[in-house]
Amino acid sequence: MYIYNVTMNIEESIQGQWLSWMKEVHIPEMLETGKFTKALMSQVLVEEEMGGITYSIQYTTDSKETLQKYYAEDAERLRKKVMELFAGKFVAFRTELAIISEH
């Protein structure tokens, strides 16, 4: 199992709008690609020097190959939507995690 993690720091001025959009539109669209089995959104509880509010969204997938298919088939289209709505109002970075054990 793999986790595709997207960490985003959002300007406070758009936080409510962004959070609603993520829960109602973006996360469902990510799951509708069929490449992720679940999504978990968390708020990072560390204050950032740059301000804003930070969230981590973790999408679980079955394999590295499925994640690569997401990059090739869906990532550009879905990232473009975020940029169209919230350009200049967030900073994001992405990481891939391999699950070692689950208890």
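Heads up: the structure comes first, above all this text.
Residues numbered from 1 in each chain as written. Predicted model: local features only at pLDDT ≥ 70, side-chain atom pairs only at ≥ 80, totals over all residues. Heavy atoms only, no water.

Summing up its helical and strand segments, the protein has 2 helices and 4 strands in all. The secondary structure elements of the protein, listed N-terminal to C-terminal, are β-α-β-β-α-β. At 14 Å, the protein has a C-alpha radius of gyration in line with the 13 Å of a compact globule built from 103 residues. Relative to its 103 residues, the protein shows a buried fraction of 38%. Across the protein, every contact between residues at least 6 apart in sequence was considered, and the portion connecting residues at least 24 apart equals 75%. Counting only carbon and sulfur atoms, one obtains 52% of the accessible surface of the protein, whose full area is about 6,500 Å². One way to put it: in the protein the 11 positive side-chain charges average out to a point 5 Å from where the 16 negative ones average out. (Helix = DSSP H or I, 4+ residues; strand = E, 2+ residues; numbered from the N terminus. Rg over C-alpha atoms; globule rule 2.2 N^0.38 Å. Buried < 20%, exposed > 50% of the residue type's maximum accessible area, 1.4 Å probe, protein only. Contact = heavy atoms within 4.5 Å. Areas by Shrake-Rupley, 256 points an atom, 1.4 Å probe, with all protein chains shown as cover. Lys, Arg positive; Asp, Glu negative; His and termini not counted. Charge placed at Lys NZ, Arg CZ, Asp CG, Glu CD.)

Bringing the pattern of salt bridges into the picture now. One pass over the structure, following the stated rule, counts 6 salt bridges. Here D74 makes a salt bridge to K35, at a shortest N to O gap of 2.8 Å. Of this pair, D74 sits in helix α2 (residues 64-86) while K35 sits in the loop between α1 (15-32) and β2 (38-43), and the two are 39 residues apart along the sequence. The same class applies to D74 as to K35, namely buried. Three or more residues are tied together by salt bridges with common partners; here these are K35, E73, D74 and R77. (Salt bridge = Lys/Arg side-chain N within 4 Å of Asp/Glu carboxyl O.)

Let us now look at α2. Under the 1.5 Å per step criterion, the end-to-end length of α2 is only 29 Å for 23 residues, more than 12% shorter than the ideal 33 Å. Remark: the principal bend of α2, roughly 60°, maps to D74. Along α2, the residues classified as buried are T66, L67, Y70, D74, A75, L78, V82 and F86. On its buried face, α2 sits against β1 (2-10), α1, β3 (53-61) and β4 (90-98). (Expected span 1.5 Å × (residues − 1). Bend = angle between axes of the 7 residues up to and from the residue.)

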